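One-letter residues, chain by chain:
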Amino acid sequence: MSSATERATAGFLVWRLSMKWRVAVDRAVAPLGLTHAQYALMASLHGMGRSGLRPSQRQLADTTGLEPLYVSKLARALEAAELVARSRDPNDPRAMQLTLTEQGRDVTRRAIKVVQGLLDQLLEPLGGQDSPRTRQFTSELATLLDTPLDRHPEHDEEQS
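Note that this is a predicted model, so its numbers are computed, not measured. (Residues numbered from 1 in each chain as written. Predicted model: local features only at pLDDT ≥ 70, side-chain atom pairs only at ≥ 80, totals over all residues. Heavy atoms only, no water.)

**Q** I'm lost on the nonpolar core in this one. Help?
**A** Soluble globular proteins: nonpolar side chains tend toward being buried together. Core analysis: the largest hydrophobic core is formed by 25 residues, its most contacted members being Val29, Leu34, Leu41, Met42, Leu60 and Leu78. Of all the secondary structure elements, the ones that give two or more residues to this core are α2 (10–29), α3 (36–50), α4 (57–64), α5 (68–80), β2 (92–100) and α6 (102–123). Sort the elements by how many residues they give to this core and α3 lands first, with six residues. With residues up to four places along the chain from it excluded, the contact list for methionine 42 reads Leu34, Leu78, Leu83, Leu100, Gly104, Val107 and Thr108. (Core = buried A, V, L, I, M, F, W, Y, C linked by side-chain atoms within 4.5 Å. Buried < 20%, exposed > 50% of the residue type's maximum accessible area, 1.4 Å probe, protein only. Helix = DSSP H or I, 4+ residues; strand = E, 2+ residues; numbered from the N terminus. Contact = heavy atoms within 4.5 Å.)

Right under this line is the structure:
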């Protein structure tokens, strides 16, 4: 650990790690014609599809953590590239359901393998993907992700 990261806040380190990951994934999936955000959408769609789901754009936004408007924009671009098919939800005509096309499934499977290789590299210092340290790290990340940040305690005190 460098002296700069020894004194860094947890927030700064989370930001730096997320930027490092985003850039690495962007570079890794670029030869497949994808960006990191497109990969996140397609990999999530792949996993949901394997579970028998045909998610709406809103459900996919909730799963990926991306803004619904951004998911819509990504879905339109992926549809134009013939990687994703969009169709009206029969239960809600306002909603669009997304599925991967055959070409989309092929590209996604290849991208997942590439990103899994990156994940192996990232987690090697913790003992690899199946190590106890990685499981603990993953658990702690999940705890942080489950913590709502929409409240502002300092503003609550000012308004009291």
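**Q** Sorry if this is basic, but what is going on with the side chain of serine 44 here?
**A** With respect to the helices and strands, serine 44 occurs in helix α3. A distance of 2.9 Å separates a polar atom in the side chain of serine 44 from the backbone oxygen of alanine 40. In this structure, serine 44 is in contact with Leu60, Thr63 and Thr64, ignoring residues within four places of it in sequence. (Polar contact = N/O pair within 3.5 Å; in protein donor to acceptor, adjacent residues only side chain to side chain.)

**Q** Help me out: how do you make sense of the pairing of β2 in this one?
**A** Taken residue by residue, a regular strand's side chains alternate between the two faces of the sheet. The pairing of strand β1 (residues 84–89) with β2 spans six bridges and is antiparallel. Looking at the pairing, arginine 88 lines up with methionine 96 of β2. Between β1 and β2, which pair antiparallel and follow one another directly, the connecting turn spans two residues. (Pairing = 2+ DSSP bridges.)

**Q** Quick question: what am I supposed to make of the packing of aromatic side chains here?
**A** Aromatic rings in a pair are described by how distant their centres are and how their planes are angled relative to each other. The final tally for this structure, using the stated rule, is one aromatic pair. Measuring from centroid to centroid gives 6.1 Å for phenylalanine 12 and tryptophan 15, while their planes differ by 40°, and the two rings are tilted. Of this pair, phenylalanine 12 and tryptophan 15 both sit in helix α2, three residues apart, roughly one helical turn. In this structure phenylalanine 12 comes out as partly exposed when scored by relative accessible area, which is 37%. The exposure class of tryptophan 15 is partly exposed, given its relative accessible area of 46%. (Phe/Tyr/Trp six-rings, centres within 6.5 Å; stacked < 30°, edge-to-face > 60°.)

**Q** Mind showing me how you'd approach the layout of surface pockets here?
**A** What the largest pocket holds in volume is close to 2000 Å³. As for the largest pocket, its lining consists of 35 residues, of which Val14, Leu17, Ser18, Phe137 and Leu141 are closest to the centre. Among the elements of the structure, α2, α3, α6 and α7 (132–146) are those that each provide at least two residues to the lining of the largest pocket. The element best represented in the lining of the largest pocket is α2, accounting for ten residues. Along the lines of polarity and charge, the residues of the lining of the largest pocket split into 23 nonpolar, eight polar and four charged. (1 Å grid on protein atoms, 1.4 Å probe; cavity = no way out; pocket = protein on both sides within 12 Å on 5 of 7 lines; lining within 4 Å. Points joined across faces, edges and corners; volume = space filled by probe spheres on them. Nonpolar A, V, L, I, M, F, W, Y, C, P; charged D, E, K, R; others polar.)

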